[in-house]
Amino acid sequence: MIINKPPMGWNSWGVMQTKVNYDGVYETARFIRDSLYRYGFHDNEGKTVISLDSYAEDNISGENIKKLGTKIFSNSPYTENGVKQPGTNQTLGHYYGPFIIWEWTLDDKVEGTGTNEIPEYYWQDAALKVNGNIYKVSSNGGYATDPTHPAVKANIEYTLKQWNEWGVKYVKADFLNNGIIEGDSWYNPEITTGVQAYNYGMKILLETAKLYDMYIVESISPIFPYQYAHGRRVSCDRFSEIAESEYVLNAISYGWWTDKLYAVNDPDHLVMCKQNNGAKETMGENRARATSGMVTGAYIFGDNFSLKGLKGGAKPGYAAQSRKRAYKIMGNADINEYVRNNTGSFRPLDGHKAESIFVRDTEKYFYLAVFNYSTTAAKSGKVSFERMGVDPESIESIKELWMNETVTYDNSTLSYSVPAKDVRVFRIAKDTNTGISIVEDDDTRISIKSDGENMNISAEKGIDSVAIYSPAGTLLSKSFGNGENEITLPRPTGCNVYIIKTLFADGSVEITKYK
């Protein structure tokens, strides 16, 4: 799979949870492949992740998990019960808690030990002790693990090797905070702190995953150390309602910058109709939850799309409603195109509390997402292009992606009106068809001088204005002249290369690349 691109797909914990079973996963995967691929709900390799979560291995045999990963989700036809079926070209994901020990497993033998010259260990052997007693983490009820214990390494290597044979390429590593606890001591005497122990264990996890080209997403984990995973959940167990979207976006309002640490920030599963809620979520809430994924990074949904009964005949969620809504939410081609082609998070326009306005600049488009967390009142307002860092002169068009509407605007602001419990996403297309060529600074008709603090732009003819952009097209600075032959303006910081757009008094334009 594409290791450093946001995964798109589905996770069983969103609604199926403890009732997940083989038939439900199969039917859900088929629905996504047969009904949503045509609208672009897949990554750049044409794949979606189908990720099994907790209880999957309790409810689905290893044989059937392997069948999913190596036959049904392959890109080749397979035969079942004498009938030839097309593979779905999907990626199997699985769930792992390498550093958590549940109470009912303390006396269980650790898989991967007792063979190949590895001594036999039980999970209580690998439990971390604090003040002489094995330590239970109050926030989750599981016991902390000593990541340096050889049983942990053996189990990681055994588990990922088996999963590779099953076709697993996406690993959700959960409860990682249980591996960064301060204890009395560690098995490896060179380790003296919980952070050292966490580094030790995570390095084993990452190096083993690399052997099998597996994507790792961390869940319930510290931000730092960060170098051992491709993605990280910014929040946990948020589902469908507007307050849950606000909760996630509160995390990204303060932590958007962590996309500089992890390739993918992950908003947890995106759900349209959660369990026991009567499918009362509005379409606006569905749009907001989906957009929280777009803004954050990963795009993994969690509804139950299986019309058949799950384990024990259970039918959690509202499969028929979720399917109907999926065409409008997961089937939005413009939103899917953004997620498929971009890595990283939007940034908050202001950045206090749960921000309601987020922006993202890409090579071709500038995106503006406006959320309304109110449950009763509409939200209206204006955002200035200057505040966004957008030059109005460079705008080709603006489209609102959820309503599929072309948006009009004035020379300085963009107006918005968002109903209660809803969102609007504006895609601002940059004018790339100006017919103007970018010239290198040594070939330009203008002279550019910089003393480190200021930039002086001069020419033989009068200058009307000078605008300085980042290589991505973000407006950094602009100054207007009165037809004189030079303009001096502050040199923006943060870039080594600048794009300088000079508008001359006679109406001609020159765009110059300056290093």
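Conventions adopted
- One numbering rule holds for all chains: residues counted from 1, following each sequence as written.
- This being a predicted model, a pLDDT of at least 70 is required before a residue's local features are given, and a value of 80 or more before pairs of side-chain atoms are given or counted; all residues contribute to the totals for chains, interfaces and linings.
- For the side-chain quantities, the full set of heavy atoms in the structure was used; hydrogens and water were omitted.
- Starting at the N terminus, helices and strands are each numbered in turn, a helix being any DSSP run of H or I of at least four residues and a strand any DSSP run of E of at least two.
- With the radius of gyration taken over C-alpha atoms, the globule rule is written as 2.2 Å times the number of residues to the power 0.38.
- When a residue's accessible area, from a 1.4 Å probe over protein chains only, is under 20% of the maximum for its type it is buried; when over 50% it is exposed; and in between it is partly exposed.
- Per-residue and other accessible areas follow the Shrake-Rupley method at a 1.4 Å probe size, with only the shown protein chains counted as cover for residues.
- When charges are counted, neither His nor the chain ends are considered; positive counts come from Lys and Arg and negative counts from Asp and Glu.
- Every charge is mapped to an atom, namely NZ of Lys, CZ of Arg, CG of Asp or CD of Glu.
- In this scheme, strands are said to pair when DSSP sees at least two bridges between them.
- The criterion used for residue contact is that any of the two residues' heavy atoms lie within 4.5 Å.
- Angles here are taken between N-to-C directions and fall from 0 to 180 degrees, while the axes themselves are lines fitted to C-alpha atoms, restricted in helices to the stretch in contact.
- We define the nonpolar core as a collection of buried residues of types Ala, Val, Leu, Ile, Met, Phe, Trp, Tyr and Cys that are connected through side-chain atoms lying within 4.5 Å of one another.
- Salt bridges are defined as contacts in which a side-chain nitrogen from Lys or Arg sits within 4 Å of a carboxyl oxygen from Asp or Glu.
- What the arc describes is the spread of directions from the helix axis to the C-beta atoms.
- An angle counts as roughly parallel when it lies under 35 degrees, as roughly antiparallel when it exceeds 145, as roughly perpendicular when it falls between 65 and 115, and as oblique in every other case.
- When the near helix sits turned anticlockwise from the far one by under a right angle, the crossing is termed left-handed; a clockwise turn instead gives a right-handed crossing.
- Each residue gets one label: Ala, Val, Leu, Ile, Met, Phe, Trp, Tyr, Cys and Pro are nonpolar, Asp, Glu, Lys and Arg are charged, and the others, such as Gly, are polar.

So, on to the overall build of the protein chain. The number of helices and strands found in the protein chain is 10 helices and 30 strands. Relative to its length of 515 residues, the protein chain is compact, with a C-alpha radius of gyration of 26 Å against a globular reference of 24 Å. By its C-alpha atoms, the protein chain is 85 × 55 × 45 Å across when sized along the principal axes. When each of the 515 residues of the protein chain is scored for burial, the buried share is 57%. Accessible surface, the protein chain: about 22,000 Å² in total, of which carbon and sulfur atoms supply 46%. Placing the 55 positive and 64 negative side-chain charges of the protein chain at their respective mean positions leaves the two points 6 Å apart.

Spatial ordering of the open sheet is given by 15-16-17-22-19-20, a layout of six strands whose pairing is antiparallel. Both outer strands of the open sheet, strand 15 (347-348) and strand 20 (405-406), are each paired with one neighbouring strand and no more. Relative to strand 22 (residues 422-430), strand 17 (residues 365-372) runs antiparallel, the two being bridged by eight bridges. Note on strand 22: the bridge partner recorded for Tyr 367 is Arg 427. Helix 6 (residues 242-255) rests against strand 15, strand 16 (357-361), strand 17 and strand 22 of the sheet, and its axis sits at about 55° to strand 16. Across the face of the sheet, helix 7 (residues 283-296) comes into contact with strand 16, strand 17 and strand 22 while running at roughly 50° to strand 22.

The strand order across the open sheet built from three strands is 24-25-28, with neighbouring strands paired in antiparallel fashion. The open sheet terminates on both sides in strands that have one partner only, identified here as strand 24 (447-450) and strand 28 (486-490). The average undirected angle you get between the axes of adjacent strands in this sheet is 15°. Pairing of strand 24 with strand 25 (residues 454-458), which is carried by four bridges, proceeds in the antiparallel orientation. For Lys 449, the partnering residue across the bridge sits in strand 25 and is Asn 456.

A general feature of soluble globular proteins is that nonpolar side chains tend to end up buried together. Among the nonpolar cores identified, the biggest contains 91 residues, and Val 25, Leu 160, Tyr 299, Phe 301 and Phe 371 are the most heavily contacted of them. Aside from chain neighbours lying at most four places away, what touches Tyr 299 is Pro 7, Met 8, Gly 9, Phe 41, Leu 270, Ala 290, Gly 293, Met 294, Ile 329, Ile 335, Asn 336 and Val 339. Val 359, Phe 366, Val 370 and Val 390 belong to the second-largest nonpolar core, a separate cluster that totals 18 residues.

Our next topic: the pattern of salt bridges. In this structure the tally under the stated criterion is 24 salt bridges. With a shortest N-O distance of 2.8 Å, Asp 53 and Lys 172 are connected by a salt bridge. Taken together, the residues span a long stretch of sequence, with Asp 53 in the loop between strand 2 (49-51) and helix 2 (56-59) and Lys 172 in strand 10 (residues 168-173) at a distance of 119 residues. Asp 53 gets classed as buried once you look at its relative accessible area, which sits at 3%. The structure contains a network of salt bridges with shared partners spanning Asp 334, Glu 337, Lys 399 and Arg 427.

Turning our attention to the environment of Lys 353. The residue Lys 353 is located in the loop between strand 15 and strand 16 in this model. Residues Lys 353 and Glu 246 lie 107 residues apart in sequence; the distance between their C-alpha atoms is 9.6 Å. Each residue touching Lys 353, except ones within four places of it in the same chain, is listed here: Asn 250, Ser 253 and Tyr 254.

What follows deals with helix 3 (residues 62-72). Within helix 3, burial applies to Ile 65, Leu 68, Gly 69 and Ile 72. Taken end-on, helix 3 shows its buried residues confined to a sector of 130°, consistent with a single buried face. Where helix 3 is buried, its residues meet helix 1 (22-36), helix 2, strand 3 (78-80), strand 5 (91-96) and helix 4 (150-166).

This part covers the packing of helix 4 against helix 5 (residues 194-211). Contact geometry for helix 4 and helix 5: axes closest at 10 Å, N-to-C directions at 20°. In this view, helix 4 runs roughly parallel relative to helix 5, as classed from their interaxial angle. Here helix 4 and helix 5 pass one another in a crossing that is right-handed. Note on element contacts: helix 5 touches helix 4 through Gly 201, Ile 204, Leu 205, Thr 208 and Ala 209, opposite Lys 153, Ile 156, Glu 157 and Leu 160. Taken together, the residues that form the contact of helix 4 with helix 5 break down as five nonpolar, two polar and two charged.

Let's shift gears to the side chain of Asn 89. The topology assignment puts Asn 89 in the loop between strand 4 (83-85) and strand 5. In this view, Asn 89 contacts Tyr 37, Glu 45, Gly 46, Lys 47, Thr 48, Phe 73, Ser 74 and Asn 75; residues no more than four positions away in its chain are not counted.

Shape descriptors only; they carry no functional weight alone.
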